[in-house]
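# Tertiary structure, described
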Amino acid sequence: MSEASRLNEWDFLIGFPLEEAEQILQEEAVSYELLFTAAPGKVSSQEDAFVIAVRDHQARPGTLVLVCASSDWTVN
């Protein structure tokens, strides 16, 4: 399977709560890593995170990177 089609297979996870996305990937035995991002001055926690992007891991082929963030992007 090509790299692009493998990524498209998991694009449906975008918008899922992190907990649900992890459960699906674990059930399918898919290797993944988490990458968190947040608005300036904020910290994203794993408890309220959502998947906002899925991409291939550059250094570890066959591993997905789930880019996650909190839904609170307000800036003061």
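What this report covers is the structure whose coordinates are included nearby. As the structure is a prediction and not an experimental result, all values here were calculated from the model.

## Some words on helix α2 (residues 18-27)
Those residues of α2 that sit buried are L18, A21, E22 and L25. Buried residues of α2, seen end-on, are gathered within an arc of 100 degrees and therefore sit on one face of the element. Along α2, the residues that are exposed and aim more than 90 degrees away from the buried face are E19 and E27. Of the residues flanking the end of α2, it is A29, one or two places downstream, whose phi is positive at about 55 degrees.

## Some words on the environment of D48
Tracing the chain through its elements places D48 in the loop between β1 (32-37) and β2 (49-56). A relative accessible area of 35% places D48 in the partly exposed class. A C-alpha to C-alpha distance of 9.3 Å links D48 and D72, two positions 24 residues apart in sequence. Ignoring sequence-local partners within four residues, the contact set of D48 consists of A69, S70 and S71. One polar contact links D48 to S70, side chain to side chain, over a distance of 3.2 Å.

Cut-offs used in this document
- Residues numbered from 1 in each chain as written.
- Predicted model: local features only at pLDDT ≥ 70, side-chain atom pairs only at ≥ 80, totals over all residues.
- Heavy atoms only, no water.
- Buried < 20%, exposed > 50% of the residue type's maximum accessible area, 1.4 Å probe, protein only.
- Helix = DSSP H or I, 4+ residues; strand = E, 2+ residues; numbered from the N terminus.
- Arc of directions from axis to C-beta.
- Contact = heavy atoms within 4.5 Å.
- Polar contact = N/O pair within 3.5 Å; in protein donor to acceptor, adjacent residues only side chain to side chain.

Keep in mind these numbers describe shape, not what the thing actually does.
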